[in-house]
Amino acid sequence: MTEILIAGIYLADRPNTAAHLIYEFAGARRTRVTQRWVALAADRPGDCDLPCTISIRLQRTPKFLLVNDLTADAARFDWILLVDDDVELPPDFIDSFIDLAERYDFALCQPARTVDSYIDHPLVMQNPGVKARQTRFVEIGPVTAIRRDAAQLILPVAADCGMGWGLDYVWPRVMEDAGLRMGIVDATPIAHRMRRQVSGYGYDDAARGMSEVLAANRHLTRDQAFQVLDAYV
């Protein structure tokens with residue numbers, strides 16, 4: 001049975017969908033799911049006692065420092081899913097999403113977003129005419145799936161990557177150099193409509209970190225990244 005690690009982070013002092021996510025992931029039937037969640041409660045005391053919470057942080061911590069802690073044993077799992085706390089999943093999400101990711105041989109992928117979601121990059125909006133698309137771009141969040149062979153190449157993330165901005169332009173170079181495929185799964189869209197991006201951390205620090213990530217690594221330009229290489233109906 002496919003082994004999946006859910007590495008999640010939730011803002012315990014703000015409204016979130018973490019309970020919904022934990023419940024939905026626990027309902028997997030065709031995959032074996034391990035969940036590890038970190039609760040952040042920096043602004044005021046919050047609800048930090050959700051199931052699968054393995055750590056509580058009382059200070060804001062860059063996302064990918066937490067991801068590195070949660071995925072230290074990534075090699076044990078067939079798939080790693082990095083999950084934020086403000087999305088809604090359709091029924092049977094995890095089994096169906098992984099089925100399609102494996103069918104189309106995606107080593108790094110994400111679910112498309114519903115049309116009513118907050119969306120920074122139109123490429124990730126659900127295309128209802130296809131099941132999935134092979135792309136040169138996969139976002140760092142809010143749900144990112146990393147197959148074991150890809151995880152060996154991109155995890156752990158460098159400690160100075162902070163919130164991870166810019167990694168989604170670096171990762172395509174790494175994947176293509178290794179002969180691995182990336183994609184967006186349209187048949188299992190998630191809704192991201194609770195909080196706008198950058199509502200839980202500082203824009204200036206994240207943008208500064210992105211400039212440093214791109215300066216230090218080979219990467220695609222935006223025009224190069226926002227391409228659909230193939231579509232599957």
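Quick caveat, the model's predicted, so the values are computed rather than measured.

I'd love a proper account of helix 3 (residues 93-103), names of residues and values included.
Taken across its 11 residues, helix 3 has 8 buried, putting it largely inside the fold. Among all positions of helix 3, only Phe 93, Ile 94, Asp 95, Ser 96, Phe 97, Ile 98, Leu 100 and Ala 101 are buried. Looking one or two residues beyond helix 3, the residue adopting positive phi is Asp 105, at roughly 60 degrees.

Tell me about the side chain of Asp 168, residues and numbers included.
Inspection of the secondary structure assignment puts Asp 168 in helix 5 (residues 167-177). Of the side chains with opposite charge, Arg 113 comes closest to the buried, unpaired Asp 168, at an N-O distance of 8.1 Å. There is a polar contact of 3.4 Å between the side chain of Asp 168 and the backbone nitrogen of Ile 140. Leave out the neighbours within four places in its chain, and Asp 168 touches Phe 137, Val 138, Glu 139 and Ile 140.

I'd like a description of the pairing of strand 1 (residues 2-11), backed by residues and values.
The buried fraction of strand 1 amounts to 9 of the 10 residues, a majority that puts the element mostly inside the structure. In this sheet, strand 2 (residues 31-40) lies alongside strand 1 in parallel orientation, the contact comprising 10 bridges. Paired with Leu 11 across the bridge in strand 2 is Leu 40. For the crossover that starts at strand 1, traverses helix 1 (residues 18-26) and ends in the parallel strand 2, the hand is right-handed. Pairing of strand 1 with strand 4 (residues 79-83) involves 5 bridges; the strand directions are parallel. Residue Ala 7 lies in a different strand from strand 4, and its bridge partner there is Leu 82.

Explain the state of the cysteines residue by residue, including any values.
For the coordinates displayed, the defined rule picks out 0 disulfides. Left unpaired, Cys 52 is separated from the closest cysteine sulfur, that of Cys 48, by 15 Å. Assessed through its relative accessible area of 32%, Cys 52 is described here as partly exposed.

Please set out the environment of Asp 86 residue by residue, giving values where relevant.
In this fold, Asp 86 is placed in the loop between strand 4 and helix 3. Classification of Asp 86 by relative accessible area gives buried; the value is 7%. Considering only alpha carbons, one finds Asp 86 and Ile 9, 77 residues apart in sequence, at a separation of 9.9 Å. In contact with Asp 86, other than residues within four places in its own chain, are Thr 17, Pro 142, Ala 191, His 192, Arg 193, Met 194 and Arg 195. A distance of 2.9 Å separates polar atoms of two side chains, one belonging to Asp 86 and the other to His 192.

For the environment of Met 194, give the residues involved together with the corresponding values.
Note on placement: Met 194 falls in the loop between strand 8 (181-190) and helix 6 (203-216). Between the C-alpha atoms of Met 194 and Thr 17, which are 177 residues apart in sequence, the distance is 8.4 Å.

Which residues make up the pattern of salt bridges, and what values do they have?
A complete count under the given rule lists 19 salt bridges for this structure. Between Asp 73 and Arg 36 there is a salt bridge, with the nearest N and O atoms lying 2.8 Å from each other. Note that Asp 73 is positioned in the loop between helix 2 (63-70) and strand 4 and Arg 36 in strand 2, a separation of 37 residues in sequence. Given the relative accessible area of 22%, Asp 73 is considered partly exposed. Among the salt bridges present, the one from Asp 177 reaches Arg 218, with a minimum N-O distance of 2.8 Å. A residue pair is termed long-range when its members are at least 10 positions apart, and Asp 177 in helix 5 and Arg 218 in the loop between helix 6 and helix 7 (222-225) qualify at 41 residues.

Give a description of the sheet that holds strand 2 that names residues and reports values.
Strand order in the open sheet formed by 9 strands is 3-2-1-4-7-5-8-6-9, and the pairing between neighbours is mixed. Of all the strands in the sheet, just strand 3 (53-57) and strand 9 (228-232) have a single pairing partner and so form its edges. This sheet shows a mean twist of 20 degrees between the axes of neighbouring strands, independent of strand direction. Judged from the 4 bridges that link them, strand 2 and strand 3 form a sheet pairing that is parallel. Bridge assignment links Trp 37 to a residue of strand 3, and that residue is Thr 53. Contacting strand 1, strand 2, strand 4, strand 5 (106-113), strand 7 (143-147) and strand 8, helix 3 runs over the sheet at an angle of about 150 degrees to strand 8.

Criteria and cut-off values
- Residues numbered from 1 in each chain as written.
- Predicted model: local features only at pLDDT ≥ 70, side-chain atom pairs only at ≥ 80, totals over all residues.
- Heavy atoms only, no water.
- Buried < 20%, exposed > 50% of the residue type's maximum accessible area, 1.4 Å probe, protein only.
- Helix = DSSP H or I, 4+ residues; strand = E, 2+ residues; numbered from the N terminus.
- Lys, Arg positive; Asp, Glu negative; His and termini not counted.
- Salt bridge = Lys/Arg side-chain N within 4 Å of Asp/Glu carboxyl O.
- Polar contact = N/O pair within 3.5 Å; in protein donor to acceptor, adjacent residues only side chain to side chain.
- Contact = heavy atoms within 4.5 Å.
- Pairing = 2+ DSSP bridges.
- Right-handed = clockwise from strand over helix to strand, strands pointing away.
- Disulfide = S-S within 2.5 Å.
- Axes fitted to C-alpha atoms, helices over the stretch in contact; angles between N-to-C directions.

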